[in-house]
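A look at the structure
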Amino acid sequence: MSEPLSTQIVNARIVNEGEITEGTLLFRGERIEGINRPTPDDAAVVDAQGAWLLPGMIDDQVHFREPGFEHKANISTESRAAVAGGITSYLEMPNCNPLTINNARLADKHARAARVSAANYGFYLGATNDNLEDVKAVDRSLACGLKIFMGASTGNMLVDDETTLENIFASTDLLVATHCEDTPMIIAAEEAASSRFGEDIPFSEHPKIRSEAACYKSSSLAVSLAKRFGTRLHVLHLTTARELELFTPGPLANKQITAEACVHHLFFNESSYEAKGALIKCNPAIKRVEDQSALLKAVAEDRIDVIATDHAPHTAEEKARPYRRAPAGLPLVQHALLTLFEHVKSGVFDVPLIVRKTAHAPADLFAIKDRGYLREGYYADLVLIDDRRGADPAALTDDAIPAPLSKCGWSPFDGFDLSARVRKTWVNGHLRYSDGEVQPGPCGQALTYRR
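Keep in mind that this is a model prediction, so the values were computed, not measured.

The rules behind the values
- Residues numbered from 1 in each chain as written.
- Predicted model: local features only at pLDDT ≥ 70, side-chain atom pairs only at ≥ 80, totals over all residues.
- Heavy atoms only, no water.
- Helix = DSSP H or I, 4+ residues; strand = E, 2+ residues; numbered from the N terminus.
- Rg over C-alpha atoms; globule rule 2.2 N^0.38 Å.
- Buried < 20%, exposed > 50% of the residue type's maximum accessible area, 1.4 Å probe, protein only.
- Contact = heavy atoms within 4.5 Å.
- Core = buried A, V, L, I, M, F, W, Y, C linked by side-chain atoms within 4.5 Å.
- Pairing = 2+ DSSP bridges.
- Axes fitted to C-alpha atoms, helices over the stretch in contact; angles between N-to-C directions.
- Phe/Tyr/Trp six-rings, centres within 6.5 Å; stacked < 30°, edge-to-face > 60°.
- pLDDT = per-residue confidence, 0-100.

Another aspect to go through is the overall build of the protein. Counting secondary structure elements, the protein contains 13 helices and 17 strands. Here the C-alpha atoms of the protein give a radius of gyration of 21 Å, agreeing with the 22 Å that 2.2 N^0.38 yields for 451 residues. Expressed as lengths along the three principal axes of its C-alpha atoms, the size of the protein is roughly 70 × 50 × 40 Å. When burial is assessed residue by residue, the protein has 61% of its 451 residues classed as buried. Within the protein, residue pairs in contact and separated by at least 24 positions form 74% of the contacts whose partners lie at least 6 positions apart.

This part covers the nonpolar core. Of all hydrophobic cores here, the largest spans 97 residues; its most connected members are Leu54, Ile148, Leu233, Leu266 and Phe349. The leading source of residues in this core is helix 7 (residues 212–229), at 6 residues. Phe349 has contacts with Leu266, Leu296, Val299, Ile307, Leu340, His343, Val344 and Ile354, leaving out every residue within four places of it along the chain. Judged by nonpolar contacts, the second largest core, of 17 residues, contains Leu365, Ile368, Leu447 and Tyr449.

Okay, the sheet that holds strand 9 (residues 145–149) next. Strands pair in a sheet through their backbones, by hydrogen bonds, and they do so in one of two ways: parallel or antiparallel. Strands sit in the order 6-7-8-9-10-11-12-13 across an open sheet of 8 strands; the sheet is parallel. Since the sheet does not close on itself, it has two edges, and those belong to strand 6 (57–62) and strand 13 (306–308), each with one partner. Between one strand axis and the next, the sheet turns by 30° as a mean value, whatever way the strands run. Pairing of strand 6 with strand 7 (residues 87–92) involves 4 bridges; the strand directions are parallel. Residue pairing across strands places Ile58 opposite Ser89, the latter belonging to strand 7.

Attention now goes to the packing of aromatic side chains. The geometry of an aromatic ring pair comes down to the distance between the two centres and the angle between the two planes. Counted by the stated rule, this structure contains 11 aromatic pairs. On the numbers, 5.5 Å between centres and 65° between planes, the contact of Phe203 with Tyr323 is edge-to-face. With a gap of 120 residues between them, Phe203 in the loop between helix 5 (183–197) and helix 6 (206–209) and Tyr323 in the loop between helix 11 (316–319) and helix 12 (336–345) connect regions that are remote in the sequence. Per residue, the accessibility class of Phe203 equals that of Tyr323, and both read buried. Ring centres 5.5 Å apart and planes at 10° place the aromatic pair Phe268 and Phe413 in the stacked group. You can see Phe268 sitting in the loop between helix 8 (263–267) and helix 9 (273–276) and its partner Phe413 sitting in the loop between strand 14 (382–386) and strand 15 (421–427), a full 145 residues away along the chain. Judged by relative accessible area, which is 1%, Phe268 ranks as buried. The exposure class of Phe413 is buried, given its relative accessible area of 0%. Here the aromatic residues Phe267, Phe268, Phe413 and Phe416 are joined through ring pairs into a cluster of three or more.

The two faces of a sheet get side chains in turn, since along a regular strand they alternate between them. Of all 11 residues in strand 1 (residues 6–16), 10 are buried; the element is thus mostly enclosed. Strand direction decides the pairing type here: strand 1 and strand 4 (residues 43–47), joined by 5 bridges, are parallel. Paired with Ile9 across the two strands is Val46, which belongs to strand 4. Taken together, the 9 bridges between strand 1 and strand 2 (residues 19–28) define a ladder with antiparallel strand orientation. Counted as the bridge partner of Ile9 is Leu25 from strand 2. Joining the antiparallel neighbours strand 1 and strand 2 is a turn of 2 residues, in which Glu17 adopts a positive phi near 50°.

Parts of the model with low pLDDT should not have their predicted coordinates read in detail. Summing up the model confidence of the protein, the mean pLDDT is 95 and the portion of residues at 70 or higher is 96%. Within the protein, the element-level pLDDT minimum falls on helix 4 (residues 162–171), averaging 94, and the maximum on strand 7, averaging 99.

As structure tokens, this is what we get:
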């Protein structure tokens, strides 16, 4: 049975551009027609029953592992988990196999996603120590930005040659997104930990090995290069209070240099290693409670501009290995928005702030066309979230989190009572997730950019 021409969502708490409006949202086909409009005769009516209606999250940092690591994840499985979590668009990283380091590899990623992705998609071009000419020749319609691993993480993409970094920052007009950690400092710290603990390095050592100093040295270098060459810089997944001094609070539109925080660094701190161990091993590391608190404050004061996931799944078997062999990365897309509502529950954030950091800001930062806002003529990328479950303690007898849909089959949030739930997600006006089930429907679309 074909979908109706129009859908009217009624009795919703609509959050958009800093305002909360109680009422209705109408969309026809792929596009939004307006808020609090009369209901057309041909419209299907969805009763939100007081739930929050938000623009879908645009996740500016995911690793869906395809091609090359499909035993961990693939575009199909992870995009389905994303829409179940209210993420309607994602920007995917280049450290797969083969690496996404030229136009041909970007085109291949687009072709793969066009066949199977439940959500809308964009892809980064990856920088290496020897692909400067590919960086210069990039097809800007295929790349959301340029990713530089200024610290070694998962995959062999470390760019550590100073002249190469200078040339890259000087040569591109794409947004440069950086992973900032100093690899020599990390190697030395890991060797010291190995000398002390042998093969039984406790996972609680991870934030000491991937230290504040290693993060600051690299992020301060990235900021200095961006200032020197006038490059648009976005520093990914900040983890330390010290790094925050490199960034200024204020509106995103006024900034050349921006910063991101990830949901797990806002949710966990070093006290979580005892219970979670390898399940929260990630790069850069989850650090002190003081760092967590500083990150939360920096989000609230607009020093940090974007909230993302850095979704990076590994199998449970891989995560069961000892410290040095357990890979870094967590599956996060399905439960990311739910964790942010925990900060609403505690009074740290409000819902308009979540919308600004997860939808408006990434759309503006990456110049994504017609997405990220609930505006007339924009794509109907929508998520309906009910957070009232937390007001009823009896409701928390349900599963603490929705069953993981990522291919790896586990979540770092297992055991936590997350009080919000995604009820429905629409992608380009098509209902793709409803009350616990991913729905069949058209694939997501390639993101386009205002450039």
